[in-house]
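Residue-level listing of the chains:
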Amino acid sequence: MTNPQMVMYEEEFNQIQAIVDRLVKEANARVVFIIDKNGQLIAASGDTEQIDTTSLASLTAGNIAATGGMAKLLRESEFTTQFHEGEQSNIHIQLVGNRVILVVIFDNKTSLGLVRLRVKKASEELNRIFEALLQKVQDPARETPFAEITDDDIDNLFND
Amino acid sequence: MSFINYLSREINCKIVYYGPGLCGKTTNLQFIYNKTNPEAKGKMISLATETERTLFFDFLPLALGEIRGFKTRFHLYTVPGQVFYDASRKLILKGVDGVVFVADSQIARMEANLESLENLRTNLAEQGYSLDKLPYVIQYNKRDMPSIAPVEELRAMLNPGNVPDFEAVAVSGGGVFDTLKAIAKLVLTELKRSGG
Ligand SMILES: Nc1nc2c(ncn2[C@@H]2O[C@H](COP(=O)(O)OP(=O)(O)O)[C@@H](O)[C@H]2O)c(=O)[nH]1
Ligand SMILES: [Mg+2]
């Protein structure tokens, strides 16, 4: 398979959440998200109530995939940063370690310069965590609950 | 690739509906959306042209219930069918856990079905996947139309590997959930087999 299984454990999640929480404060952002390249939300912080996070995650991943496709046509390896400017909100999208996507939504209470600076630092930290997570996932001795799943468990999912 | 979150105790899987233009992929998702309880679904997103043809993808997040204390969430995607959207189709196949091939049963669409299936194999291979190894089911849609091919004929042409297949009338919903359940089951069974 081309990309390994994404798994999230409590320990790494707490580290990631701490970085995301800090980034919201330090960048003075409205919302910060981390999304995997397949469009699944990993962590979020800030004013997330106002936003349909599942939809945003899927669209962001689609956007990154499309931009990656454009990069390939231009023989670039990847465009790692995108910025979309609106009247009220702006979105800064950063590809981290070619594996996850860091999204910052901010308004005029802050500046693009500050967001960029804080994103850069957070990306480096996140990259290290995801690197370590990947090592853990690829460990063949890793325990999973799914080996225990029975056919009945799967059938029961649909018996309603 | 499925995403297992031990913290929120969720499994997320990606299922892609593939097939020629106008075979009924978007209609499948719309029916599922309309028949699902509000608490079990997210918003359905359609990136469509002004004429309602799918431009990039449709997306429907769906919660199917719990298994061993893990919530199962399926993200359903459709691809745009028209030949010239091949680049978009490739992108949507990234990280796929299961594929539904929706065939158009109309005799006039046989070539389009074959072409699309061939295109699916090629695009999967480019991503390092093989259709023979992925959870995969086939749906023969539009069984209500007048000039349709018999199922045996469709089967012989499109399903040499004998994967689970279903007749459907997606506009009124016949076969839609049977297809979804079958692919969801295969995806979970694969997760079990590969040990997550
Ligand atoms: N008669 C009939 N029409 C269908 C059926 N499924 C889809 N359609 C119609 O076929 C057209 C194309 O469907 P759509 O879902 O947009 O196709 P897509 O290109 O595969 O997404 C629409 O007008 C649908 O209403 C079916 O089972 N029977
Ligand atoms: Mg469509």
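Here the structure is a predicted model, which is why all the values come from computation and not from measurement. Numbering of residues starts from 1 in each chain and follows the order in which that chain's sequence is written. Working convention: letters from A go to chains and numbers from 1 go to ligands, in the order in which they are written. A pLDDT threshold of at least 70 governs which residues receive local features in this predicted model, and a stricter bar of 80 or more applies before side-chain atom pairs are shown or counted, although totals over entire chains, interfaces and linings include all residues. For the side-chain quantities, the full set of heavy atoms in the structure was used; hydrogens and water were omitted.

> Explain the overall build of chain A here, please?
Each helix is a run of DSSP H or I of at least 4 residues and each strand a run of E of at least 2, with the numbering of both proceeding from the N terminus. Helices and strands together make up the secondary structure of chain A, namely four helices and six strands. Counting from the amino terminus, helix and strand elements in chain A follow one another as β-α-β-β-α-β-β-β-α-α. The C-alpha extent of chain A, read off along each of the three principal axes, is 55 × 40 × 30 Å. Per-residue burial for chain A yields a buried fraction of 48% across its 160 residues. Note on contacts: a residue pair qualifies if any of its non-hydrogen atoms lie within 4.5 Å across the two residues. If you take every contact in chain A between residues at least 6 apart in sequence, the share linking residues at least 24 apart comes to 53%. Accessible area of chain A: about 8,300 Å², with a carbon and sulfur share of 47%. Only protein chains enter the calculation, and the probe is 1.4 Å; a residue is then buried if its accessible area is under 20% of its type maximum, exposed if over 50%, and partly exposed in between. Calculation of accessible area relied on Shrake-Rupley with a 1.4 Å probe; when residues are assessed, cover is drawn exclusively from the protein chains displayed.

> Teacher, can you tell me more about the site of ligand 1 here?
Residues and elements named next belong to chain B. Surveying the vicinity of ligand 1 reveals 14 residues, the closest of which are Leu22, Lys25, Thr26, Thr27 and Asp144. Side-chain atoms alone can form a polar contact between residues adjacent in sequence; in general such a contact is a pair of N or O atoms within 3.5 Å, and within protein one must be able to donate a hydrogen while the other accepts it. Measuring from an oxygen atom of ligand 1, one finds a backbone N or O atom of Gly24 at 2.9 Å. Interatomic distance of 2.8 Å between a side-chain N/O atom of Thr26 and an oxygen atom of ligand 1. Against a free-state accessible area of 580 Å², the protein chains account for coverage of 76% of ligand 1. For the shell around ligand 1, the per-class residue count stands at six nonpolar, five polar and three charged. In this text, near means that some heavy atom of the residue lies within 4 Å of the molecule or strand in question. Three residue categories are used. Nonpolar comprises Ala, Val, Leu, Ile, Met, Phe, Trp, Tyr, Cys and Pro, charged comprises Asp, Glu, Lys and Arg, and polar comprises the others, including Gly.

> When you look at the pattern of salt bridges in this model, what are you seeing that I'm missing?
A pair can form between side chains of opposite charge whenever their charged atoms are brought close. Residue and element names in this part refer to chain A. In the sections that follow, a salt bridge refers to a side-chain nitrogen of Lys or Arg positioned within 4 Å of a carboxyl oxygen of Asp or Glu. Overall, the coordinates contain 19 salt bridges over all chains when judged by the stated rule. Between Glu125 and Arg22 there is a salt bridge, and its shortest N-O distance comes to 2.9 Å. Linking Glu125 in helix H3 (residues 112-137) with Arg22 in helix H1 (residues 10-27), this pair joins segments that are 103 residues apart in sequence. The exposure class of Glu125 is buried, given its relative accessible area of 18%. Here Glu124 makes a salt bridge to Lys120, at a shortest N to O gap of 3.8 Å. Of this pair, Glu124 and Lys120 both sit in helix H3, separated by four residues, roughly a single helical turn. Among the residues examined, Glu124 registers a relative accessible area of 43% and is labelled partly exposed. Judged by relative accessible area, Lys120 falls into the exposed class, the value being 56%.

> What is the right way to look at the nonpolar core in this model?
If you look at soluble globular proteins, the nonpolar side chains tend to sit buried side by side. Nonpolar core, defined: a set of buried Ala, Val, Leu, Ile, Met, Phe, Trp, Tyr and Cys residues in which side-chain atoms within 4.5 Å join the residues together. By size, the foremost hydrophobic cluster in this structure holds 65 residues, and its most contacted members are Phe130 of chain A together with Leu76 of chain B. If we skip the residues at most four places from it in the chain, Leu76 of chain B touches Ile15, Tyr17, Leu29, Ile32, Asp58, Phe59, Leu60, Leu62 and Leu180 of chain B. Counting 30 residues, the second-largest nonpolar core is a separate cluster that includes Val79, Tyr129, Leu131 and Ala149 of chain B.

> What is the right way to look at the interface of chain B and chain A in this model?
Frequently, the measure chosen for interface size is the accessible area removed from exposure when the parts meet. Each side of the interface is counted separately: chain B has 41 residues, and chain A has 40 residues. For the chain B and chain A pair, buried surface summed over both sides reaches about 3,800 Å², with 64% attributable to carbon and sulfur atoms. Once two parts are brought into contact, the accessible area they lose, counted with a 1.4 Å probe and summed over both, makes up the buried area. Counting the surface chain B buries against chain A, the share from its top three residues, Met1, Phe3 and Tyr6 of chain B, is 19%. Counting every contact that joins chain B to chain A gives two salt bridges. Note that Asp52 of chain A is salt-bridged to Lys43 of chain B, the shortest N-O span being 3.9 Å. Listed by contribution, the elements that provide at least two residues to the side of chain B that touches chain A are strand E1 (3-5), strand E2 (10-18), strand E3 (45-48), strand E4 (54-67), strand E5 (70-78) and helix H5 (176-193) of chain B. The greatest single-element share of the side of chain B that touches chain A, amounting to eight residues, is contributed by E4 of chain B.

> Help me understand the pairing of strand E4 (residues 81-85) of chain A, please; the structure alone is not making it clear to me.
Along any regular strand, the residues point their side chains to alternate faces of the sheet. All names here are of chain A. A pair of strands is labelled paired if DSSP reports no fewer than 2 bridges between them. In the sheet, E4 pairs with strand E5 (residues 90-96) via five bridges, with the strands oriented antiparallel. Paired with Phe83 across the strands is His92, a residue of E5. Remark: four residues form the turn of the hairpin made by E4 and E5, two consecutive strands paired antiparallel.

> Even after reading the chapter, I still don't get the sheet that holds E4 of chain A, so can you show me in this structure?
Within a sheet, each strand pairs with its neighbour through backbone hydrogen bonds, oriented either parallel or antiparallel. All names here are of chain A. Sheet architecture is open: five strands sit in the order E3-E2-E6-E5-E4, paired in antiparallel fashion. Sheet topology places strand E3 (41-46) and E4 at the edges, where each strand pairs with a single neighbour. Averaged over all pairs of adjacent strands, the angle between strand axes in this sheet comes to 10 degrees, irrespective of strand direction. Bridge count between E5 and strand E6 (residues 100-106): seven bridges; the pairing is antiparallel. Opposite His92, over in E6, you have Val104 as the bridge partner. What counts as an axis is a line fitted to C-alpha atoms, over the stretch in contact for a helix, and the angles between N-to-C directions run from 0 to 180 degrees. Packing against the sheet, helix H2 (residues 53-73) makes contact with strand E2 (31-36), E3, E4, E5 and E6, and its axis sits at approximately 60 degrees to E2.

> How should the packing of aromatic side chains be read in this particular structure?
For any pair of aromatic rings, the description consists of the separation of the ring centres together with the inter-plane angle of the planes. Residues and elements named next belong to chain B. Pairing of aromatic rings covers Phe, Tyr and Trp, the last through its six-membered ring, and needs centres within 6.5 Å; plane angles under 30 degrees mean stacked, over 60 mean edge-to-face, and all others mean tilted. This structure, assessed with the given rule, holds five aromatic pairs over all chains. Ring centres of Phe31 and Phe177 lie 6.1 Å apart, and the angle between their planes is 65 degrees; on these two criteria the pair is classed as edge-to-face. Placement of the pair is Phe31 in helix H1 (residues 25-35) and Phe177 in helix H5, with a sequence separation of 146 residues. Aromatic side chains Phe59 and Tyr77 sit 5.0 Å apart centroid to centroid with 45 degrees between the ring planes, which places their arrangement in the tilted category. Linking Phe59 in strand E4 with Tyr77 in strand E5, this pair joins segments that are 18 residues apart in sequence. No difference in accessibility class separates Phe59 from Tyr77, as the two residues are buried.

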